[in-house]
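Here is how the chains run, residue by residue.
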Amino acid sequence: MTIALRSIHKHYGDIRANDGIDLVLRPSTVHGILGENGAGKSTLMKILSGYVRKTSGTILVDSEEVDFKNPAEAASHGIGMLYQDPLDFPPLTVLENFMAGQRMKAWPDRSLFRKRLAGLCREMGFDLDPETPVVRLTVGERQQLELARHLAAGRRVLILDEPTTGISSLQKDVLFSALRRLSSGGATVVLVSHKLEDVETLCDEVTVLKKGRVSGSAVRPFSTGALLEMMFGREPAPPLRKGHEPGAQALFLEGVHAHGGRTGLAQCTVKVNRGEVVGLAGLEGSGQDVFLRVAAGLTRPTRGRVHVSRKDMTGRDHHAFKTMGVAFQPAARLEEGLIAGLSVAEHCAILERSSFSLDLDASASLAQERIQSFQVAARPESPVESLSGGNQQRLLLSFLPDDPVLLLLENPTRGLDRESVRWVWERLDAIASNGAAIVFSSSEIDEILMVSDRVLVFFEGRIIHDVRPEDTDALMLGKAIAGRV
Amino acid sequence: MRTVFARMGRPLEMGLKTALAGVAEIAASVLVVVAFTTLVLLVAGAPPLDTFAVLVKGSLGSWSKLSHVIKVWIPLTLASCGLLFTFKAGLWNIGVEGQVMMGAVATTLAMRMGGPSPLAGMVTALALVAGMAGGALWALCAGFLKTKAGVHEIFAGLGLNFVSQGLVLWLIFGPWKQPGIASMSGTETFDERLWIPSIEALNLSPAALGMAVAAVIVTAYLLSSTRLGLYLRAVGGNEKAAVLFGLKPHAVMTAAMLCAGGLAGLAGAFQVSGVYHRLIPAISSGYGYLALLVVLLAYYNVWAAPVVAFFFACLNTGAIQLPMLLSLDSSLSGVIQGSMVIAALAVHSVSTRSRRSRG
Ligand SMILES: Nc1ncnc2c1ncn2[C@@H]1O[C@H](COP(=O)(O)OP(=O)(O)O)[C@@H](O)[C@H]1O
Ligand SMILES: [Mg+2]
């Protein structure tokens, strides 16, 4: 199936998310859509999959003009999309999710679907247990499930939006080889990413978006320099790591056990000093999430003690931790970090906590300051859910306190492009130099190695390594993360 | 107070655009409801046009009918204002019905204790305050059941509604029964000096009306222009994130419950002191539950709620005539109100969905 997009426009008020995009997607090809955050990639793909209506432009599917009003119409043309955040039903099992949305009788034959799922998994190299509830899956496994669902429903055009974010390198290999197999079988595969590496490994052809327009395209073999120039206009330098002088003790976990997450946390004893940047490495949900929440006072340990600045804080709530200078930011921005329905200015107003009656003008000008200094593409009155993922992340970072003792950041650069990552770490570096301890998790080993003074490797709820970046490398860390110490 | 109104101007202006879009939506829902109600009437074998005529004339046809509508409007609006606080905080305060009843009980208690003293005005004022406190305390029970014991507020509220209805009956037939006989007609009527003063001809209390109007304005101000309103919306929007922003969701929810209970209690207090002048078994007249529908139909908008409440009050009042004039049951007003809310919710969700796909 060949799909041609002609002069696609999508305007949100004054924001031109797509500003006249032309693109041709061919069968048996993996087509990359590359661009930094906010370039308009997700918007374009959501238009193609019927999730968002275009402002103007034409879509041709095998030279027939179509205008999808909803995802179901796109699906009936064989177009399926894996969204940046999976759209599954967490309380149901893998098999039930697989069956949902497929044509079936009132009393479906589960064993039939079970066989179909097992067959697809074998073919694609996926490892999914049909009876596991989806809540217990990792992001990578949920993705495999979504993909299997689309394939079973006969989709021939598969769009994946930032699929390599938050999954392990092992899962990425599995995913990529499955996508290659699908494409050589005649499917049209579209990979949306802001990561050069993904596109260079997998794609046959790539179109680069910048500020809602096509800034260039290329076919294999790619020149990295040329792609970077299309993305940014110039090549960005890699982020720098400045060694910090460790100061007084900021955090001390003493034999901590805690429930939560996929694995919980067991037998955790760690000291972190002020001025230190500590990276938490590991597959997503290997205990880093619980670690950060225990250190923030959001999860109470079942055993062990938590000290902040040498004060025993065990059993105290998050507010007590906050007054000790601890700040936490979760990875799930819209689910846990920001308040959907409130504007940027209203978020600022909550933080001010001044008089009983609100001064919306003052909050708006304060919001404007934050927006400017953190380069958030938004207006003070924009509701936070209207911002793109990268902008939501920048906004969250703008809410960090001025003079913290301990910053706990869960995947702080998730979904940001290279330049934004570098920019964020310059900011955080400055905060660390001012004497704050920073503990962050990330699924990017390179990032951890580049910015950390120390790396803790998590595996199945335990810290199995505590190393300095100069004593290790990406390969060793990768092995440790996968449990092959 | 001038700055207060200046600040309120902005949400009003911002609200204007949404209000215009809202008007189209309301028109659509009204059409759906009229069509549906007509269908129900046809099935029931009633002449639709005559029925609508009876409803309009029975509610707006004369000054005394209008004053009856306003008497229904007052408690309905008070309870609706209260519910706005809890809805904004993401709470389903089903217990509002019981909060109205407990307000009535507390007011009755205060009036009985105060008695017809020379300071009757004072007793009445204190009795109203007692009513608010009674409703608020009852709401606090539901709030604590939720925040301390983890019982969902819907179940807590529902349970407490049964308890309060039981309590009202027990008081009427037990400790507070009329001398000699216990009767469904309620407790002994209060001394006339304790009644809220009312305009004789219309049997309408300007003080109660004034306080209901004030409640709407104060609610609008609190919700749109104060930290309390912002915190309620923050906790209702995302409890987890609110914690990270330094809020205490349980405290905010408790505050919402107190406001809701206080206003519902005031509604009950007016029922006792201004309408029935005694405690009767059906003292709440179901206005708590009806207020839930009002707020849903008003789509949580402070300014729309009193309008919807007025409309519902007209329906309730007009329907009283139905059995006499058309030998239709007056429960028809309930059918109209219920289908109205369902239609409005349906129209609203259809329009948001199409708005979202249009971006
Ligand atoms: N629903 C929306 N309302 C308003 N603006 C939006 C909406 N969705 C996306 N945008 C804006 O459109 C631009 C492109 O966003 P997006 O397509 O998500 O970028 P990408 O996926 O390339 O990071 C961003 O500036 C974003 O803020
Ligand atoms: Mg995107």
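How each quantity is defined
- Residues numbered from 1 in each chain as written.
- Chains lettered and ligands numbered in written order.
- Predicted model: local features only at pLDDT ≥ 70, side-chain atom pairs only at ≥ 80, totals over all residues.
- Heavy atoms only, no water.
- Near = heavy atom within 4 Å.
- Polar contact = N/O pair within 3.5 Å; in protein donor to acceptor, adjacent residues only side chain to side chain.
- Areas by Shrake-Rupley, 256 points an atom, 1.4 Å probe, with all protein chains shown as cover.
- Salt bridge = Lys/Arg side-chain N within 4 Å of Asp/Glu carboxyl O.
- Helix = DSSP H or I, 4+ residues; strand = E, 2+ residues; numbered from the N terminus.
- Buried < 20%, exposed > 50% of the residue type's maximum accessible area, 1.4 Å probe, protein only.
- Pairing = 2+ DSSP bridges.
- Contact = heavy atoms within 4.5 Å.
- Buried area = accessible area lost by both parts, 1.4 Å probe.
- Nonpolar A, V, L, I, M, F, W, Y, C, P; charged D, E, K, R; others polar.

Enquirer: Can you walk me through the site of ligand 1 in this structure?
Expert: Residue and element names in this part refer to chain A. Taken together, Y12, A17, E36, N37, G38, A39, G40, K41, S42, T43, S386 and S388 are the residues near ligand 1. Contact between ligand 1 and K41: an oxygen atom at 2.9 Å from a main-chain N or O atom of the residue. Within the side chain of T43, an N or O atom sits 2.5 Å from an oxygen atom of ligand 1. With the chains in place, 80% of the 560 Å² that ligand 1 exposes on its own is no longer accessible.

Enquirer: Help me understand the pattern of salt bridges, please; the structure alone is not making it clear to me.
Expert: Note on pairing: side chains with opposite charge can pair once their charged atoms come close. Residue and element names in this part refer to chain A. One pass over the structure, following the stated rule, counts 23 salt bridges over all chains. As a salt-bridge pair, K195 and E444 come within 3.2 Å of each other at their nearest N and O atoms. In this pair, K195 sits in the loop between β8 (188–193) and α7 (196–202) while E444 sits in the loop between β18 (437–441) and α16 (445–451), placing the two residues 249 residues apart along the sequence. A relative accessible area of 14% places K195 in the buried class. With a relative accessible area of 29%, E444 lands in the partly exposed category. Salt bridges here are not isolated pairs; linked through shared partners, they connect R16, D19 and R213.

Enquirer: When you look at the pairing of strand β2 (residues 15–25) of chain A in this model, what are you seeing that I'm missing?
Expert: All names here are of chain A. With eight bridges connecting them, strand β1 (residues 3–12) and β2 associate as antiparallel partners. Paired with H11 across the bridge in β2 is R16. Turn length for the β1-β2 hairpin, with the two strands adjacent in sequence and antiparallel, is two residues, and the turn residue G13 shows positive phi of about 60°.

Enquirer: So what exactly am I meant to see when it comes to the interface of chain A and chain B here?
Expert: Opposite the 34 residues of chain A that make contact, chain B presents 27 residues. Roughly 2,700 Å² is buried in total at the junction of chain A and chain B, and carbon and sulfur atoms are behind 59% of that figure. The three residues of chain A that bury the most area against chain B are A:H319, A:F356 and A:L358, which together make up 23% of that side's buried surface. Taken together, the links from chain A to chain B amount to one salt bridge. A:E346 serves as the salt-bridge partner of B:R233, at 3.0 Å between the closest nitrogen and oxygen. Across the chain A-chain B interface, the total number found is 11 residue pairs in polar contact (both at pLDDT 80 or more). With six residues, the top contributor of residues to the side of chain A that touches chain B is helix α12 (residues 344–352) of chain A. Classifying every residue of the side of chain A that touches chain B by side-chain character gives 17 nonpolar, seven polar and 10 charged.

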